[in-house]
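# Secondary and tertiary structure notes
As a plain string of letters, each chain reads:
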Amino acid sequence: MGLQPKINGKTVERAYEEYRNGVYLVNRRYQRKLVWSINEKEAFIDSLRNGYPVPLFLFSTNSYKGMDRREIIDGMQRLNAVFGFVENEFTIGGYYFDLSSTALTKQLLDEKILEQKTPVLDRTSCVGIASYELPFSVYDEDNPDIIDEVFRRINSNGKHLSRQEIRQAGATGEFAELVRVLSTKLRGDVSHEDILLLDQMKEISIKQDGNGYGINADDVFWVKQNIIDKKDLRLSMDEEIVGDLVGAMVADTMPPSRVSVLDGYYYINEEEQDGRGYKTEQAIQARGSEAIRAQFLYIIDEIKKIFYNKEHTVIQHILNQKVYRGPRYFQSLFLTLYELLIKQEMKIVDYDKVYEQLSNIAERTMVISGGGGAWSAKEKIEVVAKVKAILQPSFVERAEGDPMHYSYATEIETLLKQSKTENSQYDFKQGIYDLSSGERNDKLVKKIYKTLTAMGNSEKNAVGYVLIGVADNFEDAEKISRKYNTENMKVGNFYITGIDGEVNKFHKGNYDEYFSQFKNALQTMPLDEHYRRQIGSKMRMVSYYDKSIIIMKIVNDNGAIMFDNGYYTRVGANNDPEPVSAPEMPAFFAKFAKN
């Protein structure tokens, strides 16, 4: 018999104190997005105000970054609503929580960490909400397989979950993981790690209405290109599209698109080796999920390049009319490009011509019965063949030795967005030449490598990145633009300046020569040979549309990292690496001890 959960009550006030202390964790491997609307949040808070019973909150025990915490299995949306109301993110009946109602919120108000908004809810109601005992149940279990199964059972019949969320609930196969990872990259709700503090979820959640944080749904690729609408996004239809496309990529023959087929991808039974789920898992394992992920994102990036700086969205252009959803038309384009770019190993030579060929193609070539719903394999094959015949003149075969070129647009956007949740593991530099003297800043180059080692020293298996050609504020980006007469591109809260200005001015356009500076400097750095080789092998120069960026990466896979006879760590963005002091050494090395 399994462990029995311990059930007790915890007041809102006490739960909020724990929230501020970073007790509550979210595991994105199985948890869905924060999706509750303001109305749903208000309704839940109204239940607390009226003293109505509310569903149980379920947690598991978890040790994270050296502290005992509680991983949320069930109740994430409700907890977020409670803490959001306490912090004046929304009202109930037009009134905000009185921050003077509890000792902690009063302290945060006095310290100007929180701001009291008006009008204020009456004190009696606020005290009643703060003293409401939430039914907490703690499951003393840290086995991820058991937790996945508990989550799946709780949510498999959930009334508020979409069909796709039910499919993904607790699913642990490679297909489900691939769909999850690709979907988060395309939506932009990515994080540095799968484990997050609850308060970090706000920064990467999709804004549906009135929230002052997170990602605007209108800016998400699927909505921005009119492939699906915001309601579809909330119901995880984007994940259904990704699942449908991944299933087609790995299948021996083109599968149909319908609910039962998508359900089948998630049903894995080794005793039914002819089943769709088992075959799909085997195909992914054979080809490698990383390879499939790279191919998928490469096709997405090529679509972005076709429509870069163009007047119409993908669906508007294909249909030649203003519509707000057209998933099947997008899938047709994707599968056509998969045939040409991946299967036939071709490349686009004229992006403008492809854009022109796609204009109103739905009327004459990309004809889909009903525009959606169930979609037969036969019709998919026919549509892809017709569209391929139209587009192929704008493609050429790759020459021998000409590898598939990845533009890394989606990957770069992912790195920039991930930095929101763990900013100490990311650093951004516009370049390495002094804007006044024009001399290369060798001290800065050394600091870049020192910073990488400090990132690697944050914990066992830590991952850190330095991106060169990116500014983290508008003023610095404009200085680069004025100096080199180039334009910068705003991506989220960052500005892509590129290294191209420095390459052209100081290296006469020789990108290999510019890149070699970093490789050569690495050989002189005072660091461990293992990490020297690793940094060198992972360093790459990539393109973001017409901008070039250098990405450096470190992974702590061999214990603490020494630099110049010392050990360094980094706390927060824009902070210099700090040396580990002698008293700190025992705790520092304990982080890398083998389990």
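First, a word on scope: everything that follows refers to the structure included in this document. (Residues numbered from 1 in each chain as written. Predicted model: local features only at pLDDT ≥ 70, side-chain atom pairs only at ≥ 80, totals over all residues. Heavy atoms only, no water.)

## A few points about the overall build of the chain
Broken down by element type, the chain carries 26 helices and 20 strands. A globule of 595 residues ought to have a C-alpha radius of gyration of about 25 Å, and the chain, at 26 Å, matches this closely. Overall, the C-alpha framework of the chain stretches about 70 × 65 × 55 Å when taken along its three principal axes. Every one of the 595 residues in the chain was classed for burial, and the buried ones make up 54%. Within the chain, residue pairs in contact and separated by at least 24 positions form 72% of the contacts whose partners lie at least 6 positions apart. Taking the average place of the 77 positive charges on the side chains of the chain and the average place of its 87 negative ones, the gap between the two points comes to 1 Å. (Helix = DSSP H or I, 4+ residues; strand = E, 2+ residues; numbered from the N terminus. Rg over C-alpha atoms; globule rule 2.2 N^0.38 Å. Buried < 20%, exposed > 50% of the residue type's maximum accessible area, 1.4 Å probe, protein only. Contact = heavy atoms within 4.5 Å. Lys, Arg positive; Asp, Glu negative; His and termini not counted. Charge placed at Lys NZ, Arg CZ, Asp CG, Glu CD.)

## A look at the packing of aromatic side chains
Going through the model one piece at a time under the given rule, you end up with 32 aromatic pairs. Each member of the aromatic cluster is reached from another via a ring pair, and the members are Tyr16, Tyr19, Tyr24, Trp36, Phe44, Phe57, Phe59, Phe83 and Phe136. For Arg78, the ring lying beneath its charged end belongs to Phe57, and the centroid distance is 4.4 Å. Between Lys310 and the ring centre of Tyr355, over which it is positioned, the NZ or CZ distance is 5.3 Å. (Phe/Tyr/Trp six-rings, centres within 6.5 Å; stacked < 30°, edge-to-face > 60°. Lys NZ or Arg CZ within 6 Å of the ring centre and 35° of its normal.)

## A word on the sheet that holds strand 6 (residues 195-197)
Pairing between the strands of a sheet comes from backbone hydrogen bonds, and it takes one of two forms, parallel or antiparallel. In space, the 6 strands of this open sheet follow the order 1-5-3-4-2-6, with mixed pairing throughout. Only two strands of the sheet have a single partner each, and these edge strands are strand 1 (6-11) and strand 6. On average, each strand axis in the sheet is tilted by 40° relative to the strand beside it, whichever way the strands run. Here strand 3 (residues 57-64) runs beside strand 4 (residues 67-74); their pairing, made up of 7 bridges, is antiparallel. Within strand 4, the position partnered with Ser63 by the bridge is Asp68. Sheet strands in contact with helix 1 (residues 12-20) are strand 1, strand 2 (24-27) and strand 5 (133-139), and its direction is about 95° off that of strand 1. (Pairing = 2+ DSSP bridges. Axes fitted to C-alpha atoms, helices over the stretch in contact; angles between N-to-C directions.)

## Notes on the environment of Asp564
Among the structural elements, Asp564 can be located in the loop between strand 18 (562-563) and strand 19 (566-569). Along the sequence, Asp564 and Leu527 sit 37 residues apart, while their C-alpha atoms lie 6.3 Å from each other. Dropping the residues within four chain positions of it, Asp564 is found in contact with Lys446 and Pro526.

## Looking at helix 25 (residues 529-538)
Every buried residue of helix 25 is accounted for by Tyr531, Arg532, Gln534, Ile535 and Gly536. Where helix 25 is buried, its residues contact helix 21 (442-456), helix 24 (511-524) and strand 17 (547-555). For helix 25, the side-chain oxygen to backbone nitrogen distance between the N-cap and His530 is 2.8 Å, and the N-cap itself is Asp528. (Polar contact = N/O pair within 3.5 Å; in protein donor to acceptor, adjacent residues only side chain to side chain.)

## Description of the side chain of Asn488
Positionally, Asn488 belongs in the loop between helix 22 (474-484) and strand 14 (489-491). Judged by its relative accessible area of 18%, Asn488 falls in the buried class. At 3.1 Å, the side chain of Asn488 and the side chain of Glu478 are in polar contact. A polar contact is formed between the side chain of Asn488 and the side chain of Ser481, at a distance of 2.9 Å. Beyond its immediate stretch of four places on either side in the chain, Asn488 contacts Ala477, Glu478, Ser481, Tyr495, Ile496, Thr497 and Lys547.

## Focus on the environment of Met585
Mapped onto the elements, Met585 comes out in helix 26 (residues 585-590). The class of Met585 is partly exposed, set by a relative accessible area of 23%. For Met585, the residues in contact, after removing those within four places along its chain, are Tyr567 and Val580.

## Here's the deal with the pattern of salt bridges
Evaluation of the coordinates by the stated rule reveals 40 salt bridges. A salt bridge links Lys202 to Glu89; the shortest N-O distance between them is 2.6 Å. Linking Lys202 in the loop between strand 6 and strand 7 (206-207) with Glu89 in the loop between helix 3 (76-86) and helix 4 (103-110), this pair joins segments that are 113 residues apart in sequence. In this structure, Glu411 engages Lys185 in a salt bridge whose closest nitrogen and oxygen atoms are separated by 3.2 Å. Within this pair, whereas Glu411 is found in helix 20 (residues 409-418), its partner Lys185 is found in helix 8 (residues 174-187), the two being separated by 226 residues in sequence. Per residue, the accessibility class of Glu411 equals that of Lys185, and both read buried. (Salt bridge = Lys/Arg side-chain N within 4 Å of Asp/Glu carboxyl O.)

## A short note on the sheet that holds strand 11 (residues 426-429)
The strand order across the open sheet built from 4 strands is 11-12-17-16, with neighbouring strands paired in mixed fashion. At either margin of the open sheet sits one strand with a lone partner, and together these are strand 11 and strand 16 (540-544). If you compare each strand with its neighbour and ignore which way they point, the axes differ by 25° on average. Two strands pair when backbone bridges link them, and strand 16 and strand 17 are joined in this way by 5 bridges, in the antiparallel orientation. Bridged to Arg540 within strand 17 is Ile551. Most of the contacts of helix 20 go to strand 16, to which it runs at about 100°, and overall it touches strand 11, strand 12 (463-468), strand 16 and strand 17. Against the sheet, helix 21 makes contact with strand 11, strand 12 and strand 17, and its axis sits at roughly 155° relative to strand 12, the strand it touches most.

## Description of the nonpolar core
Residues Trp222, Phe296, Ile303, Phe330, Leu333, Phe334 and Phe395 are the most contacted members of the largest nonpolar core, which totals 69 residues. Among the elements that take part in this core, helix 16 (residues 327-343) stands out by supplying 10 residues, more than any other. Apart from the residues within four sequence positions on either side, Ile303 is in contact with Val314, Phe330, Leu333, Phe334 and Leu337. Judged by nonpolar contacts, the second largest core, of 41 residues, contains Val12, Val54, Ile72 and Leu104. (Core = buried A, V, L, I, M, F, W, Y, C linked by side-chain atoms within 4.5 Å.)

## Some details on the packing of helix 12 (residues 259-266) against helix 13 (residues 276-287)
Taken N-terminus to C-terminus, the directions of helix 12 and helix 13 make an angle of 60°; their axes are 6 Å apart at the nearest point. One element, helix 12, and the other, helix 13, form an angle in the oblique class. For helix 12 against helix 13, the interelement crossing comes out right-handed. Here Val261, Gly264 and Tyr265 of helix 12 lie close against helix 13, whose contacting residues are Arg276, Gly277 and Thr280. (Parallel < 35°, antiparallel > 145°, perpendicular 65-115°, else oblique. Left-handed = near helix turned anticlockwise from the far one by under 90°.)

## Looking at unusual backbone geometry
Cis peptide bonds are those with omega within 30 degrees of zero, and the linkage from Thr118 to Pro119 qualifies with 0°. As for its position among the elements, Pro119 is in the loop between helix 4 and helix 5 (123-130). Its identity is not glycine, yet Asn461 carries a phi of approximately 70°, on the positive side. Locating Asn461 in the fold gives a position in the loop between helix 21 and strand 12. If you check the backbone angles, Lys508 has positive phi at about 50° while not being a glycine. Secondary-structure assignment places Lys508 in the loop between helix 23 (500-507) and helix 24.

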